[in-house]
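The primary structure of each chain is shown beneath.
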Amino acid sequence: MPDFSDQFRQEFNQLLRWRRDVRRFRTDPVEGAIIDRCLATFNLAPSVGLSEPWRIVRVNSQTARDNAVANFEAANTNALKGYSGEKAQLYSGLKLSGMRDAPVLLAIYCDDETTKGQGLGAATMPETRRYSVVAAITQFWLTARTEGLGVGWVSILDPIRLNHDLDVPAGWTLIAYLCVGWPEDDKDTPELEQVGWETRSTTLDILER
Ligand SMILES: Cc1cc2nc3c(=O)[nH]c(=O)nc-3n(C[C@H](O)[C@H](O)[C@H](O)COP(=O)(O)O)c2cc1C
C-alpha cells in the first residue's frame, strides 16, 4: 500500500471540504473519458458480501431527460405543500436540481434481487445492499470533484414514475438521480447553509456505552 503523506491527508481533507452538492452547471459537455474514470470507482467501493448491487442508467435521450424534469417539478410542487409561512417562501426560492443544465445525468439503482455475494451479510439487513450503493456514490462524488466536476443528488422524485419512464427491471430500487457537469462556481459552504435553510454541525454527539 502507498505511504500516504501528510500533504495527501491535507489535500484529501480539502477534497471533503470542497465536495459540495452542485445544482448550477455550465452546459458545456464533459469528455467521456473523464466520466468513465469517475464511474470506474464504483468497482472499488465496499459492498455487503461483495454483492456490488449498483446499477447505473445513463439518461441520454431528450425524452427521458424531459420526463425526469417533469417528475421533479411535480414532486417539488408537492413537497412545497408540506411547508407554510416563511419556510414555504424560502423553500419556493430554493434551487433543488440542476437537471435541466447538467450535461450528464445518471440514475443509480440498487438491484435488491442480485444473487452476487450469495446473501452474505444481508440476511438480517437486506437494506445493506442499498447502503452499499450509497457508499459507491460517495466515492464517485469525490472522484468527480478531483476532476473539477460537480455532482448534484436529486431525491425529489417519484421513484415509481422514474422506474417506469426509464423502463428498468423489477427489483431495482432508485437510490439517486445524479446531475454531473462543470459547476458554475466553487464554494466551501453548502448552498442550504448559504440561503439560511439549515446549518452544518461542527460537533458530533457520540453515545458512550
Ligand atoms: C440522499 C441525498 C439526497 C439529496 N437530495 C437532494 C435534492 O433532491 N435536491 C437538492 O438540491 N439537494 C439534495 N441533496 C443534497 C443536500 O442538500 C446536500 O448534500 C446538503 O445540503 C449538504 O450540502 P453539501 O453536499 O454541499 O455539503 C441530497 C443529498 C443526499 C445525500
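In this report, the structure presented in the accompanying data block is examined. Bear in mind that the values here come from a model prediction, so they are computed numbers and not experimental data. (Residues numbered from 1 in each chain as written. Predicted model: local features only at pLDDT ≥ 70, side-chain atom pairs only at ≥ 80, totals over all residues. Heavy atoms only, no water.)

**Some words on the sheet that holds strand β3 (residues 150-154)**
Stage number 1. Read across the sheet, four strands follow the order β1-β2-β4-β3 without closing on themselves; strand pairing throughout is antiparallel. The outermost strands of the open sheet, each flanked by one partner alone, are β1 (54-58) and β3. Strand-to-strand twist of the sheet, defined as the mean angle between neighbouring strand axes without regard to direction, takes the value 30°.
Stage number 2. Summarising the sheet, β1 and strand β2 (residues 104-111) pair through five bridges and their orientation is antiparallel. Across the sheet, Ile56 pairs through a bridge with Ile108, a residue of β2. (Pairing = 2+ DSSP bridges. Helix = DSSP H or I, 4+ residues; strand = E, 2+ residues; numbered from the N terminus. Axes fitted to C-alpha atoms, helices over the stretch in contact; angles between N-to-C directions.)

**Observations concerning the nonpolar core**
What tends to happen in soluble globular proteins is that the nonpolar side chains get buried as a cluster.
Stage number 1. Formed by 26 residues in total, the largest nonpolar core has its most connected members in Met99, Ala107, Tyr109, Leu162, Leu166 and Tyr177.
Stage number 2. Those residues in contact with Leu166, other than ones at most four positions away along the chain, are Val57, Val59, Ala64, Ala107 and Tyr109.
Stage number 3. Ranked by size, the runner-up nonpolar core spans 25 residues in total, among them Ile35, Trp54, Ala144 and Ile175. (Core = buried A, V, L, I, M, F, W, Y, C linked by side-chain atoms within 4.5 Å. Buried < 20%, exposed > 50% of the residue type's maximum accessible area, 1.4 Å probe, protein only. Contact = heavy atoms within 4.5 Å.)

**A short note on the site of the ligand**
Stage number 1. Around the ligand sit Arg19, Arg20, Asp21, Arg23, Leu96, Trp153, Val154, Ser155, Ile156, Pro190 and Leu192, and those are all the residues in its vicinity.
Stage number 2. Residue Ser155 places a main-chain N or O atom 2.8 Å away from an oxygen atom belonging to the ligand.
Stage number 3. In this structure, Ile156 approaches the ligand through a main-chain N or O atom, which is 3.4 Å from an oxygen atom.
Stage number 4. Burial of the ligand by the surrounding chains reaches 73%, relative to a free accessible area of 620 Å².
Stage number 5. Class assignment for the residues of the shell around the ligand results in six nonpolar, one polar and four charged. (Near = heavy atom within 4 Å. Polar contact = N/O pair within 3.5 Å; in protein donor to acceptor, adjacent residues only side chain to side chain. Areas by Shrake-Rupley, 256 points an atom, 1.4 Å probe, with all protein chains shown as cover. Nonpolar A, V, L, I, M, F, W, Y, C, P; charged D, E, K, R; others polar.)

**Topic: the environment of Val154**
Stage number 1. By the secondary structure assignment, Val154 is in strand β3.
Stage number 2. Look at Val154 and you get buried, because its relative accessible area is 3%.
Stage number 3. Measuring from C-alpha to C-alpha, the distance between Val154 and Arg65 comes to 13 Å, with 89 residues separating the pair along the chain.
Stage number 4. Those residues in contact with Val154 that sit more than four places away from it in its chain are Phe72, Leu96, Ser97, Met99, Ala176, Tyr177 and Cys179.

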